[in-house]
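Residue strings, one per chain:
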Amino acid sequence: MRIVLLGPQGAGKGTQAQRISRETGAKHISTGDLVRAEIKSGSGLGQKIRDYNDRGDLVPDEIIVEMMRPYLDEADSWILDGFPRNESQAEALDKMLEEIDAELDTAVALEAPDDLLVERLSGRRTSESTGRIYHAVYDPPPEDTDEDPGPFVQREDDKVEAIRHRLRIYHEQTEPLKDYYADRGILVTVDATRNITEVTGDILEAVGEVEEKA
Ligand code: AMP
């Protein structure tokens, strides 16, 4: 099973990718996590890409493609979260898959209106010690430090201005990929305004359906 998960920031790509990975055993590959890990490591590359990340801009295609390339061949079954983000990356992915004689099964597009996404993202808090994600209002971090010691931080790119900027980029550059995969007959869309469990169910069903047809 090889899946691309498309969707705007805040639609729940990361959460859903983790859940699908747990349910199916497919490896979760998140370019956003790779980018943040590289920045945290303090490497030269990390320093080079920090500003793009903090502003909410896309890291240049050549860098991101090289960062994720080694992971494609690591497992037969994976779910890509946050890649590709534009047509040139989608073409690079096709080429890399051809090189390892693999094919994409499904592109799942999560859909939700911008206002809901801004509300979700601006409240997002991440535990620096456990990596768990909370929401300041809907799923607040625990006060008991045994459960999660925190600290609970807001990502630089989750500030409202950066969120709006990222959504603009999504609509301009990433959303057209829905047509790219629809033309190939492998696109399924999922309503991401529903609750987490329902969305996971919809994705699993969609992926199963496509596999049955194949
Ligand atoms: P995410 O967690 O997926 O929202 O990614 C966080 C940041 O990492 C993005 O705002 C970009 O700066 C960078 N990034 C992640 N994936 C990509 C990609 N496929 N292309 C370019 N930049 C990316």
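Computed from a prediction, not measured in an experiment: that's the story for all the values here. Here the residue numbers are simple positions, counted from 1 along each chain's written sequence. The predicted origin of the model limits local features to residues at a pLDDT of at least 70 and limits the giving and counting of side-chain atom pairs to 80 or more, whereas totals for whole chains, interfaces and linings rest on all residues. Only hydrogens and water are set aside when side-chain values are computed; all heavy atoms of the structure are taken into account.

1. Quick look at the site of the ligand
Where we set the bar: By convention in this text, a residue qualifies as near a molecule or strand provided that one of its non-hydrogen atoms is within 4 Å of it. Identification of polar contacts relies on pairs of N or O atoms within 3.5 Å, with a donor-acceptor requirement for protein atoms, meaning one able to donate a hydrogen and the other able to accept it, and with residues adjacent in sequence counted only if both atoms are side-chain atoms. The Shrake-Rupley method, run with a 1.4 Å probe sphere, supplies the accessible areas, and residue values consider only the shown protein chains as cover. Numbering of helices and strands runs from the N terminus, with a helix taken as a DSSP run of H or I at least four residues long and a strand as a DSSP run of E at least two residues long. Under this grouping Gly is polar, as are all residues other than the nonpolar Ala, Val, Leu, Ile, Met, Phe, Trp, Tyr, Cys and Pro and the charged Asp, Glu, Lys and Arg.
In the neighbourhood of the ligand, 17 residues make up the surrounding shell, with Thr31, Arg36, Asp57, Gly82 and Gln89 lying closest. Within the side chain of Thr31, an N or O atom sits 2.8 Å from a nitrogen atom of the ligand. At 2.6 Å from an oxygen atom of the ligand is found a main-chain nitrogen or oxygen belonging to Asp57. About the coverage of the ligand: the protein hides 96% of its 480 Å² of free accessible area. If you list the elements that add at least two residues to the shell around the ligand, you get α2 (31-41) and α3 (44-55). Among the elements that take part in the shell around the ligand, α2 stands out by supplying 4 residues, more than any other. For the shell around the ligand, the per-class residue count stands at 6 nonpolar, 5 polar and 6 charged.

2. Notes on the pairing of strand β3 (residues 78-81)
Definition in use: Three labels apply to residues, based on accessible area from a 1.4 Å probe with only protein chains included: buried if under 20% of the type maximum, exposed if over 50%, partly exposed otherwise in between. Any two strands between which DSSP finds at least two bridges are classified as paired.
Alternating residues of β3 divide into Trp78 and Leu80 and Ile79 and Asp81, and every residue in both groups is buried. Note: strand β1 (residues 2-6) against β3, 4 bridges, orientation parallel. Bridge pairing links Val4 to Leu80 in β3. Relative to β3, strand β2 (residues 27-30) is paired through 4 bridges, and the arrangement is parallel.

3. A word on the sheet that holds strand β5 (residues 124-127)
To keep things clear, this is the line we draw: Contacts were defined at the residue level, with two residues in contact if any of their heavy atoms lie within 4.5 Å. Angles run from 0 to 180 degrees between N-to-C directions of axes, and those axes are lines fitted to C-alpha atoms, restricted for helices to the stretch in contact.
With respect to topology, 3 strands assemble into an open sheet ordered β6-β5-β7, the strand pairing being antiparallel. Looking at the sheet topology across the chains shown, the edges are occupied by β6 (133-135) and β7 (152-153). Sheet topology places β5 next to β7; 2 bridges connect them, and they run antiparallel. Bridge pairing links Ser127 to Phe152 in β7. In this fold helix α6 (residues 114-122) packs onto β5 and β6, with an angle of close to 35 degrees to the strand it touches most, β5.

4. Considering the environment of Arg120
By secondary structure assignment, the location of Arg120 is in helix α6. Under the relative-accessibility criterion, Arg120 is labelled partly exposed at 23%. Separated by 110 residues in the primary sequence, Arg120 and Gly10 have C-alpha atoms spaced 6.1 Å apart. Those residues within four positions of Arg120 in sequence are excluded, and the remaining contacts are Gly10, Ala11, Gly12, His135, Ala192, Thr193 and Arg194.

5. Re α6
Stated precisely, the cut-off is as follows: Here the arc refers to the set of directions running from the helix axis out to each C-beta atom.
Those residues of α6 lying buried are Leu117, Val118 and Leu121. Each buried residue of α6 lies within a common arc of 100 degrees when the element is viewed along its axis, so the set occupies one face. Looking at the packing, one finds that the buried side of α6 touches β5 and α7 (160-174).

6. Some thoughts on unusual backbone geometry
The linkage connecting Phe83 with the following residue, Pro84, adopts the cis geometry, with an omega of 0 degrees. Positionally, Pro84 belongs in the loop between β3 and α5 (87-99). A positive phi angle is found at Asp101, which is not glycine, with a value near 60 degrees. Looking at the secondary structure, you find Asp101 in the loop between α5 and β4 (106-111).

7. Topic: the confidence of the model for the protein chain
Filter applied, for reference: Per residue, pLDDT captures the predictor's confidence, and it can take any value from 0 to 100.
On average, residues of the protein chain carry a pLDDT of 92, and 97% of them reach 70 or more. Within the protein chain, no element has a lower average pLDDT than helix α9 (residues 196-213), which sits at 79, and none a higher one than helix α8 (residues 177-182), at 98. Low pLDDT, under 50, characterises residues 209-214; the predicted model gives this stretch 4 contacts beyond four residues in sequence or across chains.

8. Comments concerning the nonpolar core
Just so we agree on the cut-off: Take the buried residues of types Ala, Val, Leu, Ile, Met, Phe, Trp, Tyr and Cys, join any two whose side-chain atoms come within 4.5 Å, and each joined set is a nonpolar core.
In this structure, Val4, Met68, Leu80, Phe83, Leu93 and Tyr181 are the most contacted members of the largest nonpolar core, which totals 30 residues. For this core, the elements supplying multiple residues, two or more each, are β1, α2, α4 (61-72), β3, α5, β4 and α8. Residues within four places of Phe83 in sequence aside, it is in contact with Val4, Thr31, Ile64, Val65, Met68, Gln89, Leu93 and Met96. One finds Leu110, Val118, Ile163 and Val190 within the second-largest nonpolar core, a separate group that totals 21 residues.

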